[in-house]
Structures are given as structure tokens and as C-alpha cells.
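# Structural overview for review
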Amino acid sequence: MLPLVPNVPGRREAKLGPRLWHYRFVASTDLDRLARTAYEAHRGAQDGPLPAWEHTSDQEKKAWRAAVSAVTGSGESTVTEAAAAKSIVIQAGDQTHIFHAEFTAGRQGSLVVSDEHASSHHALFQMAHGYWFVQDLGSTNGTWLNNRRIYAAQRLKKGDKIKIGRTIVAVVSTT
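What counts and how
Residues numbered from 1 in each chain as written. Predicted model: local features only at pLDDT ≥ 70, side-chain atom pairs only at ≥ 80, totals over all residues. Heavy atoms only, no water. Helix = DSSP H or I, 4+ residues; strand = E, 2+ residues; numbered from the N terminus. Buried < 20%, exposed > 50% of the residue type's maximum accessible area, 1.4 Å probe, protein only. Contact = heavy atoms within 4.5 Å. Pairing = 2+ DSSP bridges.

## A closer look at the overall build of the protein
From N to C terminus, the protein includes three helices and eleven strands. Moving toward the C terminus, one meets the helices and strands of the protein in the order α-α-α-β-β-β-β-β-β-β-β-β-β-β. Within the span of the protein, comprising 175 residues, buried residues form 35% of the whole. Here the analysis covers contacts within the protein between residues at least 6 apart in sequence; of these, 37% occur between residues at least 24 apart.

Take a look at the structure:
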């Protein structure tokens with residue numbers, strides 16, 4: 001059985017390819033959250049087993065918080081917050097949506113997909129390295145990019161078609 005997704009009751013997390021973890025939370029000022037995210041990414045990159053964040057010592061957690069604090073400066077902001085945010089324009093049905101930050105699509109996402117075949121939190125759209133990516137969030141029916149099911153984050157470009165449930169959303173632009 002898959003582990004539960006934190007903060008999403010009843011939702012299970014699928015083991016996916018490498019996540020764009022560092023861009024997902026880099027604008028956060030919550031050092032505990034950043035430290036946990038960095039540790040989990042480190043843990044996922046290791047060949048041998050490392051304990052989950054919950055099972056690490058307080059001293060180790062403090063060390064990870066200190067490391068994150070050193071990277072983010074005073075803890076009030078990060079270097080990436082000063083960069084201009086790129087936007088993505090999505091066409092869903094007859095509606096056009098513009099997003100400037102990470103968002104989810106699904107029956108309960110920031111981009112609401114009214115489709116019984118879509119999961120509540122179906123797909124994650126996020127920017128990394130100046131490009132927008134889409135990633136399935138362990139949905140029942142999968143996320144499809146240009147008629148191919150995706151199993152890891154995939155880079156998006158103008159004209160791409162993303163299938164969420166039976167609904168097609170199109171990338172109008174990424175600027």
C-alpha cells in the first residue's frame with residue numbers, strides 16, 4: 001500500500017520519478033518545511049536506506065534547519081523570490097487561466113477539472129530552471145501529455161495537450 005500524502009486526508013502518494021522538490025518549496029520561509037524537503041530529497045538520492053524525517057534525531061533536524069537557513073539567508077526570503085515569475089497560460093474548455101506559481105489541477109485543484117475521471121488532486125504544474133513542468137500526483141487514471149501517459153515530471157511547451165481524466169487542457173503559452 002502506498003504511503004499517505006501529508007496534509008491530504010485519504011490521499012496516497014505514488015512513487016514517482018525525481019521530483020522537482022527544491023523548486024516546489026524554495027520560496028517558503030518556513031525553515032522546518034524547507035529542512036524536511038531538503039532532507040527527503042537527500043534521502044531519496046542515497047543508495048542506502050536513511051530514516052524518514054520523523055525518525056531523525058532532533059540534532060540532525062537542527063543541522064538541516066541550519067543548512068537551509070544558510071542557503072536562504074536570514075530566513076525571511078530566498079534568492080529566487082527576487083527573480084521574475086514566469087507564467088503559464090492554460091486553456092481548459094472555453095476558459096483561459098493564467099498561473100504565475102505552482103498549482104494543482106483536479107476536481108479540488110487550483111485549476112478545477114469538473115470530470116468524474118479526474119482525481120481530486122490529479123496533477124502538479126510547477127516551474128523549475130525557467131521551464132514549466134507537469135507531474136502526475138498518483139491519480140487513478142494517470143496524466144497524459146500529448147497522448148502519452150507520464151510517470152515523472154515532464155517539461156511543457158506551447159501547444160502541449162494534457163489529459164486529466166477525460167478533460168484536455170492545452171498550454172497556450174509559457175512566458
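## Some details on the sheet that holds strand β1 (residues 88-92)
The sheet built from six strands is open, its strands ordered β2-β1-β11-β10-β7-β8 with antiparallel pairing. Lying at the two open borders of the sheet, with one neighbouring strand each, are β2 (95-99) and β8 (148-149). When strand β7 (residues 143-145) meets β8, the two strands line up antiparallel, connected through two bridges. Each bridged residue has a counterpart across the sheet, and for Leu145 the counterpart in β8 is Arg148.

## Comments concerning the environment of Thr37
Checked against the element boundaries, Thr37 lands in helix α2 (residues 31-45). When its relative accessible area of 13% is taken as the criterion, Thr37 is described as buried. It is 9.1 Å that separates the C-alpha atoms of Thr37 and Trp53, two residues lying 16 residues apart in sequence.

So yeah, pure geometry; function would need other evidence.
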